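Topology and contacts: notes
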Amino acid sequence: MTDKPLEFGMTETGEEILAERTKKETDEKCPQCGAVLDFDPGSGGLVCAYCGYKGVILVDENAVVQELAFESAEYRESIDWGTEKKQIICQSCGAASIYDQLAIANECPFCGSNQVMQERGVDSLAPNAVAPFEISVEKAAEHFSFWLKRQIFAPSKAKRQAKADRFKGVYLPFWTFDANTYSTYQARYGRDRRVRQKDGSYRTETDWYSTSGSYDYFIDDVTVMGSTRHDPRNLKRIEPYDFQRLKPYRPEYLAGFVSERYSVGIDDAWPQAKDQIANFLDGQISQHIRNVNRADRVSGLRFSTNYSDRTYKYTLLPLWMSSFSYKDKIHEFLVNGQTGKVSGSVPISIIRVIIAVLLVLAIVLAVLYVANDGFPFLSTARY
Ligand SMILES: [Zn+2]
Ligand SMILES: [Zn+2]
């Protein structure tokens with residue numbers, strides 16, 4: 001074993017180092033039948049898919065997710081996933097997925113294509129935080145049926161018959177950043193006063209003043225998705241994830257699940273985080289100026305921000321992906337693996353839409369009828 005740091009885009013020799021490093025096999029084996037154990041979202045432990053044996057994950061209850069220093073070069077070296085992994089690249093959609101070495105990986109979990117190419121080892125950073133699946137596949141299916149039943153425009157037949165197709169549990173890559181910020185700003189603030197006019201009424205006038213100053217704020221857990229492969233609107237609908245329930249990364253949480261390799265690296269994620277932080281600080285600093293100057297309004301705010309003590313977590317968040325077919329059309333949907341929240345596309349019943357439109361129309365007419373004490377435009381008919 002050498003202390004030579006491992007880097008991205010490994011050479012032949014680099015790969016050997018990695019293999020050696022991950023050889024300490026942590027793949028848990030079933031004591032009853034010898035099969036590889038999978039993570040069990042229901043119990044938070046491990047389960048044998050063959051004989052049903054359940055095992056616990058021995059975790060240090062006091063362990064907290066470590067924030068890693070962004071500035072340090074160290075993060076480029078932590079590519080040890082704690083267990084032997086392989087990576088498959090989809091020729092069709094380009095997704096890179098990370099599997100346990102022994103898992104079957106003959107199709108892309110994201111697009112279903114079997115045009116996949118297997119690579120030995122993984123050249124990507126190991127995550128340091130994970131929100132383990134808390135929703136089992138059975139629970140995900142229940143959440144899906146309940147959700148579909150509540151879709152008012154979905155045909156009744158679909159609600160009765162739609163069966164979720166094979167669920168795929170994946171961990172999606174996210175970067176979360178913390179930082180101390182120190183901003184210096186310039187702005188104008190306005191104080192309103194009421195001016196009595198000749199006719200006795202009042203009007204508002206604003207007196208404007210310039211101001212400048214500085215503002216400190218600690219930014220906690222700004223999140224940037226490590227992949228551009230998913231429609232952010234669909235993912236938005238299954239948010240939020242509870243970051244308070246993040247666990248320090250352990251390979252057991254991933255056993256039996258696929259992880260998507262990030263395509264947005266940490267250096268590309270940071271500028272996105274900075275944009276989010278700047279937006280947030282804009283609101284904070286405006287509020288700060290209003291508070292300290294007892295001002296009613298702020299305009300022309302300009303500020304620049306220095307960041308220090310930047311830290312990051314590379315976090316995996318759990319997602320169930322599935323689909324159902326109705327009248328030869330495939331409808332995809334997502335289930336939040338932590339909370340069970342569902343989003344997706346549903347078939348629309350034209351008849352239900354028409355009924356809804358007619359109902360709304362009937363209500364509008366009824367309201368008009370009551371308000372006008374009869375339909376004014378029908379009044380001629382009364383005589
Ligand atoms: Zn077993
Ligand atoms: Zn694919």
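Up top you'll find the structure we're talking about.
Read on for a plain summary of the structure. (Residues numbered from 1 in each chain as written. Chains lettered and ligands numbered in written order. Predicted model: local features only at pLDDT ≥ 70, side-chain atom pairs only at ≥ 80, totals over all residues.)

1. A few points about the overall build of the protein chain
Stated formally: Helix and strand labels come from DSSP, where a helix needs a run of H or I of at least four residues and a strand needs a run of E of at least two; each type is numbered from the N terminus. With C-beta atoms placed from the backbone, a contact is any residue pair whose C-beta atoms sit within 7 Å.
When helices and strands are counted, the protein chain shows seven helices and 15 strands. Here the contacts in the protein chain between residues at least 6 apart in sequence split such that 70% fall between residues at least 24 apart.

2. Let's talk about unusual backbone geometry
What counts here: Partly exposed residues are those whose C-beta has more than 12 but fewer than 20 other C-beta atoms within 10 Å; 20 or more makes a residue buried and 12 or fewer makes it exposed, with C-beta atoms placed from the backbone.
The omega torsion across E239 and P240 is 5°, close enough to zero to call that bond cis. Relative to the elements of secondary structure, P240 occurs in the loop between α4 (232-238) and β11 (247-248). Positioned with a positive phi, D309 is a non-glycine residue whose angle comes to about 50°. Tracing the sequence through the fold places D309 in strand β13 (residues 297-326). Even without being glycine, K327 reaches a positive phi, approximately 50°. Relative to the elements of secondary structure, K327 occurs in the loop between β13 and β14 (329-336). Given 8 C-beta atoms within a 10 Å radius, K327 is considered exposed.

3. Quick notes on the pairing of strand β9 (residues 168-196)
So the rule is basically this: By this definition, two strands are paired if DSSP reports at least two bridges between them.
Inspection of the sheet shows β9 paired to β13 by 21 bridges, in the antiparallel sense. Among the inter-strand pairings, P173 is bridged to a residue of β13, identified as L316. Relative to strand β12 (residues 258-260), β9 is paired through two bridges, and the arrangement is parallel. Residue pairing in the sheet places V170 in a bridge with V258 of β12. In this structure, β9 lies alongside strand β10 (residues 202-225), joined through 22 bridges in antiparallel fashion. Its bridge partner lying in β10, G190 is registered against W208. The hairpin formed by β9 and β10 contains five residues between the paired strands, and G200 there has a positive phi angle of roughly 95°.

4. Observations regarding helix α5 (residues 266-293)
The condition is simple: Expected helix span is computed as 1.5 Å times (number of residues minus one).
The first and last C-alpha atoms of α5 sit 39 Å apart over 28 residues, in line with the 40 Å expected at 1.5 Å per residue. Against the buried residues of α5 lie β9, β10 and β13. R294, located one to two residues past α5, shows a positive phi value of around 45°.

5. Re the nonpolar core
Convention followed: In plain words, the nonpolar core is the set of buried Ala, Val, Leu, Ile, Met, Phe, Trp, Tyr and Cys residues that C-beta atoms within 7 Å link up.
Core analysis: the biggest nonpolar cluster contains 64 residues, and V130, Y171 and L317 have the highest contact counts within it. Beyond its immediate stretch of four places on either side in the chain, L317 contacts A131, Y171, L172, F174 and Y241. C90, A95, A96 and C108 belong to the second-largest nonpolar core, a separate cluster that totals five residues.

6. Some details on the sheet that holds strand β3 (residues 54-55)
Here we have three strands laid out as an open sheet, ordered β1-β2-β3, and antiparallel in their pairing. Strands with a single pairing partner mark the edges of an open sheet, and in this sheet they are β1 (38-40) and β3. Of the pairings in the sheet, the one linking strand β2 (residues 45-47) to β3 comprises two bridges and is antiparallel in character. Across the sheet, residue L46 finds its bridge partner in β3, namely G55.

7. Some points on the pairing of β13
Across a regular strand the side chains alternate sides, sitting on one face of the sheet and then on the other. Where strand β4 (residues 68-69) meets β13, two bridges bridge the pair, whose relative direction is antiparallel. Bridged to A69 within β13 is T311. Alignment of strand β8 (residues 129-130) against β13, held across two bridges, turns out to be parallel. Following the sheet pairing, V130 is matched in β13 by L316. Two elements, β13 and β14, share eight bridges in a ladder whose sense is antiparallel. For F324, the partnering residue across the bridge sits in β14 and is H331. What sits between the antiparallel neighbours β13 and β14 is a turn of two residues, in which K327 has the positive phi angle 50°.

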